[in-house]
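Listed below, chain by chain, are the residues.
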2 protein chains.
Amino acid sequence: MDGVVKGDAVKGGAKDTVGAFISCFEIAGAPEGPLAGLSFAAKDIFDIAGHQTGCGNPDWAKSHDRALEHAPLVAALLGAGARLLGKTHTDELAYSLMGVNAHYGTPVNAADPRRVPGGSSSGSVAAGLVDIGLGSDTGGSVRLPAAFCGVYGLRTTHGALSLAQTMPLAPSFDTLGWFARDLTTMDRTAAALGLPEAQAPTRLLLPVDAWARASAETVAALGPALGRLERCLGAAVPAILAPEGLERWFECFRVCQAAEVWQTHGAWVEAVKPAFGAGVAQRFEMAARIGAAQWAEARAVREGVRTRLGDMLGADTVLVLPTGPAPAPLRETPEPALDDFRQRALALLCAAGLGGLPQLSVPAGGVEGGPVGLSLIGVPGADRALIATAAAAGLEAVHSAG
Amino acid sequence: MDGVVKGDAVKGGAKDTVGAFISCFEIAGAPEGPLAGLSFAAKDIFDIAGHQTGCGNPDWAKSHDRALEHAPLVAALLGAGARLLGKTHTDELAYSLMGVNAHYGTPVNAADPRRVPGGSSSGSVAAGLVDIGLGSDTGGSVRLPAAFCGVYGLRTTHGALSLAQTMPLAPSFDTLGWFARDLTTMDRTAAALGLPEAQAPTRLLLPVDAWARASAETVAALGPALGRLERCLGAAVPAILAPEGLERWFECFRVCQAAEVWQTHGAWVEAVKPAFGAGVAQRFEMAARIGAAQWAEARAVREGVRTRLGDMLGADTVLVLPTGPAPAPLRETPEPALDDFRQRALALLCAAGLGGLPQLSVPAGGVEGGPVGLSLIGVPGADRALIATAAAAGLEAVHSAG
């Protein structure tokens, strides 16, 4: 093993003042490569050879062996020259969005320490501890923390990148994603992982039913970033995303996700009876109760959603919408209110998940000190086109100005 | 009296094939004036000297005397040179939006005869029987029928024009309005009635929560008209109209309107016990039950709405939104479904009513053969600025092309 240093000292002298890391160590990347000079951290669901993959729950760590090899995407980043500086906290079994972990604590949101960071490894990127934060996004675990912490986050096209040796949650939704503080790093990472360039979109669609789910202050704060996109691509055309209502899309997402979660982890949960924090425990109980008929019905609704998204989106089109409904909740927010927020957020986040679509969240302003994100959703394979569009529109300048 | 001819022959030889008129006659306008050469009809709530004002209900006609003089706005149109060709049907006591009258039948929607025309005098204008249809707009009785019938309709700024000798419904909401088939006639009428020109707006606000209430097909159909406005005024900026939810605005409207309706007509309803059609009867029963505390609470909410609208809108700003949620319902739609539609429509229509704001509906496309309208809302006094903005953006061309 390369020099493994457990503790809170992130290699390079930076201290993990935000509590983002569950363990710090260094694994050098290849001496040359497109990511040479960049550092990264991986959310603690990716196997790192010789380390315990903990998945945010102590009972998981106890009941699983150490990893024998790197997850292929971790290996790919190392092979491209990036160095790995540690494992970052995850919500328990990644089945949440808020970044609150009952066992390991809640990392600090460096952009606004009063607020939760969102669920995944964004804390490390926002605090400047690493250049790239590797995460997974099933329901929004990259997009929402990116928005909460004022960094860029990409949920990749479903199936485009391997999630082998990475804890699955709901396989038909699970995707790789990552965070960075600038679009150049976002695109370098995408290229290093083998994502192809794609046709630049020329048409913006503004799903009014999604926008209507965001707070008035959030909508107002996103105006300047949207304006930049419109100067590049023309005025956004209003459209309804979900003729049957976004509640129905969210409910379809909830049922499909929960059924897959139980299929993936139910046997382990029943055998080990792990201690879960509030919220997570309730979601596993809910997942255990999804019946076959309910799941089948939700899958049928999902097919309709995919048809609708296919009809709306061509390679020339991007959807532009708020990433989340509001800035991150305050840290002291109790679980029922956090769960309310989570459900409101999922009504915005579920479209890309249901459709297997890539979504890029860009930092695009602030509300009462908390960052908010503007998202671009494209057709499958448009991952890098979304990054290129954000760069062409000068969205980085909005970020810097904000 | 000028030549009074009861019957279905509209002066000039045109026959009232759409059933828009309750009585046809001709009263000549002044020999010269800005509206010379134009004809008009007035909804049967405006007093016409020597005629019975019927207000859409036989018991009203029986229990009220003939009018001794013209309502001032009728007199003003006559004085400006327009000739009056008759009285058009109204929903009972104007307390509806659909144009369905249990006593006198439902006029034909000339733009799509399968659909209801909407409640007021639009049928006459859409069928080409008159140039100007004089109506009143409390909750949307000009705006919605204009959209349904594919014509222009203006709800004027509250209090800008006299409603003397015109049946009141809910005085703090009641406004004069009219219909025409082109913007030139709309503006000639506005000028003849004394509305001043106003500063042209330079900024479009797109209230996403209102747009989200329209059907997907309606939103799509309005795209070209919105695009023309945006080429003129720049991309519309998304905004949330009602941070507390449009349901709450609609509920506030419903309570305030009903309380005023009962205050205005309750004594007559209790004394005469008139026969009302379905829907109208239920609304009067509901109105009778609004308590003082409930009304006071709704008035307080309304103050908040007015503050919100004042904060959002400056003289430089117009709100752009769908007039109604969808094209007009089919004629055979039963009352409960019509009432559902009415409530959906009022969530879109209530903002201008609560705020006392002018709103112009322009015909802007069609969905399954039924016209849909795009609306502009401005600050008080912006009535003619809305007409000028629609003309400058070339919205008439969308109408013609549609």
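Computed from a predicted model, the values in this text were never measured in an experiment.

Analysis parameters
Residues numbered from 1 in each chain as written. Chains lettered and ligands numbered in written order. Predicted model: local features only at pLDDT ≥ 70, side-chain atom pairs only at ≥ 80, totals over all residues. Heavy atoms only, no water. Least-squares fit on C-alpha atoms with pLDDT ≥ 70 in both. Pairing = 2+ DSSP bridges. Helix = DSSP H or I, 4+ residues; strand = E, 2+ residues; numbered from the N terminus. Axes fitted to C-alpha atoms, helices over the stretch in contact; angles between N-to-C directions. Contact = heavy atoms within 4.5 Å. Salt bridge = Lys/Arg side-chain N within 4 Å of Asp/Glu carboxyl O. Polar contact = N/O pair within 3.5 Å; in protein donor to acceptor, adjacent residues only side chain to side chain. Nonpolar A, V, L, I, M, F, W, Y, C, P; charged D, E, K, R; others polar. Buried < 20%, exposed > 50% of the residue type's maximum accessible area, 1.4 Å probe, protein only. pLDDT = per-residue confidence, 0-100.

Asker: What is the right way to look at the relation of the copies chain A and chain B in this model?
Answerer: Turning one copy of the chain about an axis and sliding it along that axis gives the other copy, so a rotation and a shift relate them. If you rotate chain A by 180° and push it 0.0 Å along the axis, it lands on chain B with an RMSD of 0.0 Å. In the structure described here, the two chain copies are related by an operation that fits a two-fold rotation axis.

Asker: What is the right way to read the sheet that holds strand β9 (residues 317–322) of chain A from this model?
Answerer: Sheets are built from strands paired through backbone hydrogen bonds, the pairs being either parallel or antiparallel. All names here are of chain A. Strands sit in the order β1-β3-β2-β4-β6-β5-β10-β11-β9-β7-β8 across an open sheet of 11 strands; the sheet is mixed. Because the sheet does not close on itself, it has two edges, and the strands there are β1 (21–27) and β8 (237–239). Looking at each pair of strands side by side, their axes are set apart by 25° on average, direction ignored. Sheet topology note: the strand β4 (residues 132–137)/strand β6 (residues 175–180) ladder contains 5 bridges and is antiparallel. Its bridge partner lying in β6, glycine 135 is registered against glycine 177.

Asker: I'm lost on the interface of chain A and chain B in this one. Help?
Answerer: Opposite the 18 residues of chain A that make contact, chain B presents 18 residues. Counting the contacts that link chain A with chain B gives 0 salt bridges. Taken together, chain A and chain B are joined by 0 residue pairs in polar contact (both at pLDDT 80 or more). Where the side of chain A that touches chain B is concerned, the elements lending two or more residues are α6 (208–211), α7 (216–233) and β8 of chain A. With 4 residues, α7 of chain A is the largest single contributor of residues to the side of chain A that touches chain B. Looking at the side of chain A that touches chain B residue by residue, the classes come out as 14 nonpolar, 1 polar and 3 charged.

Asker: I'm lost on the side chain of threonine 175 of chain B in this one. Help?
Answerer: Residue and element names in this part refer to chain B. Checked against the element boundaries, threonine 175 lands in strand β6 (residues 175–180). In this structure threonine 175 comes out as buried when scored by relative accessible area, which is 2%. Sequence-distant contacts of threonine 175, defined by excluding residues within four places in its chain, comprise Gly135, Ser136, Asp137, Arg155, Thr156, Thr157, His158 and Leu163.

Asker: Can you walk me through the confidence of the model for chain A in this structure?
Answerer: Any residue range with low pLDDT should be treated as having predicted coordinates unsuitable for detailed reading. All names here are of chain A. Per-residue pLDDT for chain A averages 92, and the proportion of residues at 70 or more is 95%. Overall, residues 1–7 carries pLDDT values under 50, and its contacts beyond four positions in sequence, including any with other chains, amount to 15 contacts. Predicted complex, confidence summary: ipTM 0.90, pTM 0.93.

Asker: Is there a simple way to explain the pattern of salt bridges in this structure?
Answerer: All names here are of chain A. Applying the stated rule across the entire model yields 26 salt bridges over all chains. Linking aspartate 44 and lysine 87 is a salt bridge whose minimum nitrogen-to-oxygen distance equals 2.8 Å. Here the residue aspartate 44 occupies a position in the loop between β2 (39–43) and α1 (58–63), and lysine 87 occupies one in strand β3 (residues 83–88), the gap between them amounting to 43 residues. Taking the shortest distance from any N to any O, the salt bridge between aspartate 112 and arginine 115 comes out at 2.7 Å. A relative accessible area of 4% means that aspartate 112 is categorised as buried. Taken together, the shared-partner salt bridges in this structure form one network comprising Asp112, Arg114 and Arg115.

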